[in-house]
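In case you want the letters, here they are:
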Amino acid sequence: MVIMETENIVKVYGGASGEGSTKALDGVSLSVNEGEFVAIMGPSGSGKTTLLNVLSGIDQPSSGSVSISGQEISEMTGDALALFRRRQLGFVFQEFNLLDSLTAKENIILPMVLEKKSTAEMEEKVQGLGELFEIDSILDKYPYNISGGQQQRTAVSRALVNEPAIVFADEPTGNLDSKSSAVIMECFEKIVNELGTTVLLVTHDVFAASYCQKVVFIKDGQIHSSIVKKGSRKEFLNSIMDHLAVLGGRTHDI
Amino acid sequence: MTFNQVVWKMAKADYKKYIFYFLCNSFAVMFFFMFSTVYFNSRIEQAKKLEGIQDALSIPGAALIIFTIFFISYAHNVFMKKRRSEFGLFLSLGMSPRDISKLLVIENGIIGMASILSGLLAGAVFSRLSFMLLMSSINLQDIPFHLSGKMFLYSIGAFLAVFLLAVGKSLIFTLRSSMILVMKSNRFAETIKMRSPLLGAFGLLLMVGSILTLYFTYEESSGAFLPLWTMAMFLGLYIAFSQASSFLIRLAKKFPGYYFHRLLFLSSLEYKFKQMTSIIMLVAVMIMITIFYSTLLLTFYKASEKDAVKNNPFDVAYYQIETKNNLSEAELNKILQTKDQLEIPIFYYLEKQILAGNGYHSYNFMSLRNFNELTKQEKSLENQEFLFFLNSEPEYAHTEFSETFRISMGNDEVTFEMKDYVVERRINLLPNSYEFVVVNDEVFDKMTNSLDGHVLTLNLLNVEDWKNSEGAVGELVKKFEAMNQAAPPANFSDLPYIEEELFRVASKVADFHLNKTTSGIMFYVTTFLSILFFMGTFILLYLNLFSEVDTEKAKYKNLYKIGMTSKEVKKNVTREIMTIFFVPTVIGTLLAFIYLVILSTDVGGIMNNPDILMHFLLIAGIYLAIQLGSYFYARKKMLIQLLG
């Protein structure tokens, strides 16, 4: 079942036309099925983050449409959009974006607080997620007292509390070392495999992308190609690298 | 591009930070200058000496200075906090701490100079304006606005002293601290190191204890311990305050159902309160002083007529002897339109106390007939009885008098027994007119004949229209003065008063005018200071809210991303600003009220003084209304900043 569908998204910065304008997205059409684990890759400036922002309703497309769970989010505005985001979508950011004044647990339940869920429900949810991501021992600590990996797992838990239809992740491993990156990507795998949640992540980290089931490459604001995982993660990693080489980005010398 | 150019470019890009700092310092200079235009105003200086309003002015003056010290160092800290992370960067690029210090001195030097100039200018303009406004509103024409060198000197001096201290502290910090500390200083939240509910409870106890002690001892000690207990109360308030937010939030956490639903509000409040304890405390104290003083002074001002009437039961009163203040009835009538007149001979007698070593005891004897006439009573006395008459309002009467006294008349030792005790205000405030010993007429005559004392005739007059008697009373005073100077000295060496004092004229109308001018000036000064204080507190709160607006913006941006609606942002911001604006207001108002209640114990309690209560409600109401206005303003500004 298709959970997210976009049609011909165009995003122009700096006025609709004219000399100063930049076309960040140029006719992107994409569809993601329920329970899929998709990565969007591309060189710097290719429009990855713009695409993610448009898909998640943080930014409005200049033209085209985005629908999630059958709802047209490109037509929603203001508070309706905010409500939709917190009920249907989850977010994980590169800088974790946790509130320093709240403990890990409080950060996790924040979307539930906004939804005015019952205390028992919040406690139950936090307990479950804490165990799932192995952060139950640090739940009462403040963000500046825990490691980056733990902060990101807290952020992943926060993205999941309201049982979203889809989780968006913007360079979730960008601020982490390789070991923490692996832990986070395993978390995403768990989300997809155990909870059946759809995950869409934007990354330029080949290693992170290799955990996904499908990688979509974009270049100059357009979808260039996509590949689907068939064999092992190692094979998939190699084929992503090959693709990136074709795409014109520099490959890593390993 | 030289390094200096880089620094200059960074400064230009960040001009808002400098403007902000400059404005705060300008305000500080303006405060000092506006206060000094009042404090050093020649007419008010004159009044300070004559009418004893020195104390009334020095307390708010001290408060203003403390406030400004805090204000300047706070503005400086906000400025430096942002600046320091840049300094860290400069240091890591190889700039020496000496260079940084030089930069700091130059920056602050320029801002300090500019602040002095603009502050003085703005201060002069605003003071002139408020002089005009207030003078016409309280109908006081005799305080002219003027500027003097002293005003400039003191305000520049006071500002520079505080400013240099703050800059000096930062210089030492910059020179001494490590690079990493400088770089990260922006990110360290100031936290309270000592946190314990026990300490908080102690603070609360200290505060409540001080207030209660003050309440129960104020009347007896006639306010001697007021400063001490007030200090203790403030200390207690501060301790309780610094612990209160953590304590309350810890308490709230015990009830997750309550806590979770106010998670954002409570947690950010805890974070903010930690940094703001001293500011909120300061603002609360300023509000307390403002409301308390304004209420008191408004009461005094309104009471000028009432006090004049109360303190002067007769329109005109004076002592008279053969050579002093002695006018014939015809002459007197020519000057004053006398309605009725009482002449009461008072016999002043000083007796050496044999039993009590070399002590003396003085008596003011009055005859029973005169007493009955004066107080419109029908008392009677036997020969060895006396009646003690205290010329005072009952609530101020604190004099003890022995039940008997002995006096030697001729060869006899006569012992008198007290029959009665009367406390009433019947005579104007004149020297030597507080305690009287009333004896029957026969004894009185015998005393005047056989004892070596002085008879002073107390003249008590009522005129046709006292409010219009100012000119006539003035003429009478002049006439008396001329006459008294021409006459030989009265030679009353045993009376503890100088002649001019003893023979002065106590009139209702002169008292009324004096009261009105004195309390008018005081009321003016207080209103003036209240406005300054209000502006100051508002700027302080505003400064505090907006100094971290960038962090707040980032926070709400994140929250928006995870789905917080603008309605929820509004609600949250409203709660926070409301707390910051109204917690100090409520505490300050409450403290002002408590202090008014305490002070009223001296005049029979607040319930017997409905005018104090009314004035308090009026002033507190006005304050609250203005605070409400400024709260809405700050909220609107904040929401525009956060929601765009």
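Residues numbered from 1 in each chain as written. Chains lettered and ligands numbered in written order. Predicted model: local features only at pLDDT ≥ 70, side-chain atom pairs only at ≥ 80, totals over all residues. Heavy atoms only, no water.

Caption draft 1: Examining the environment of A:Asp136 more closely. Relative to the helices and strands, A:Asp136 is located in the loop between helix H4 (119-132) and helix H5 (148-160). Here A:Asp136 is in contact with A:Gly130 and A:Glu131, once residues within four sequence places are set aside. (Helix = DSSP H or I, 4+ residues; strand = E, 2+ residues; numbered from the N terminus. Contact = heavy atoms within 4.5 Å.)

Caption draft 2: Focus on the pairing of strand S4 (residues 63-68) of chain A. All names here are of chain A. Here strand S1 (residues 2-13) runs beside S4; their pairing, made up of five bridges, is antiparallel. Looking at S4, one finds that Glu-7 is bridged to Ser-65. As judged from the two bridges shared by S4 and strand S5 (residues 71-72), these two strands associate in the antiparallel manner. Residue pairing across strands places Ile-68 opposite Gln-71, the latter belonging to S5. (Pairing = 2+ DSSP bridges.)

Caption draft 3: Region of the structure containing the packing of helix H9 (residues 226-253) of chain B against helix H11 (residues 263-302) of chain B. Residue and element names in this part refer to chain B. Two elements in contact, H9 and H11, have axes separated by 10 Å at closest approach and are oriented at 155 degrees. Taken together, the axes of H9 and H11 lie roughly antiparallel to each other. Regarding H9 and H11, the two cross each other, and that crossing is right-handed. When H9 is examined against H11, the residues Met-233, Phe-234, Leu-237, Tyr-238, Phe-241, Ser-242, Ser-245, Ser-246, Ile-249 and Ala-252 are found in contact with a partner set consisting of Leu-266, Glu-270, Phe-273, Thr-277, Ser-278, Ile-280, Met-281, Val-285 and Met-288. Tallied by class, residues from the contact of H9 with H11 come to 13 nonpolar, five polar and one charged. (Axes fitted to C-alpha atoms, helices over the stretch in contact; angles between N-to-C directions. Parallel < 35°, antiparallel > 145°, perpendicular 65-115°, else oblique. Left-handed = near helix turned anticlockwise from the far one by under 90°. Nonpolar A, V, L, I, M, F, W, Y, C, P; charged D, E, K, R; others polar.)

Caption draft 4: Region of the structure containing the sheet that holds S4(A). All names here are of chain A. With respect to topology, four strands assemble into an open sheet ordered S2-S1-S4-S5, the strand pairing being antiparallel. Two strands bound the open sheet, and with one partner strand each, they are strand S2 (22-33) and S5. Both S1 and S2 contribute to a ladder of nine bridges, which runs antiparallel. Residue pairing for S2: Glu-5 is matched across the bridge by Ser-31. Sheet strands touched by helix H1 (residues 48-55): S1, S2 and S4. Its angle to S1, the strand with the most contacts, is close to 120 degrees.

Caption draft 5: Seen up close, the interface of chain A and chain B. Taken together, the contact pairs 26 residues of chain A with 23 residues of chain B. Counting each side, the surface lost to burial between chain A and chain B is near 2,300 Å², with a carbon and sulfur contribution of 64%. Across the chain A-chain B interface, the total number found is one salt bridge. Of the charged contacts in the structure, one is a salt bridge between B:Glu568 and A:Arg86, with a shortest N-O distance of 2.5 Å. For the pair chain A and chain B, the interface holds eight residue pairs in polar contact (both at pLDDT 80 or more). Of all the elements in the fold, those that place two or more residues in the side of chain A that touches chain B are helix H2 (78-88), helix H3 (104-114) and H4 of chain A. The biggest single contributor to the side of chain A that touches chain B is H3(A), with seven residues. Split into classes, the residues belonging to the side of chain A that touches chain B amount to 14 nonpolar, three polar and nine charged. (Buried area = accessible area lost by both parts, 1.4 Å probe. Salt bridge = Lys/Arg side-chain N within 4 Å of Asp/Glu carboxyl O. Polar contact = N/O pair within 3.5 Å; in protein donor to acceptor, adjacent residues only side chain to side chain.)

Caption draft 6: Quick peek at the side chain of B:Asn372. Residue and element names in this part refer to chain B. Structurally, Asn-372 is set in helix H14 (residues 368-375). One polar contact links the side chain of Asn-372 to the main-chain carbonyl oxygen of Lys-379, over a distance of 3.0 Å. Ignoring any residue separated from it by four or fewer positions in sequence, one finds Asn-372 in contact with Gln-377, Glu-378 and Lys-379.

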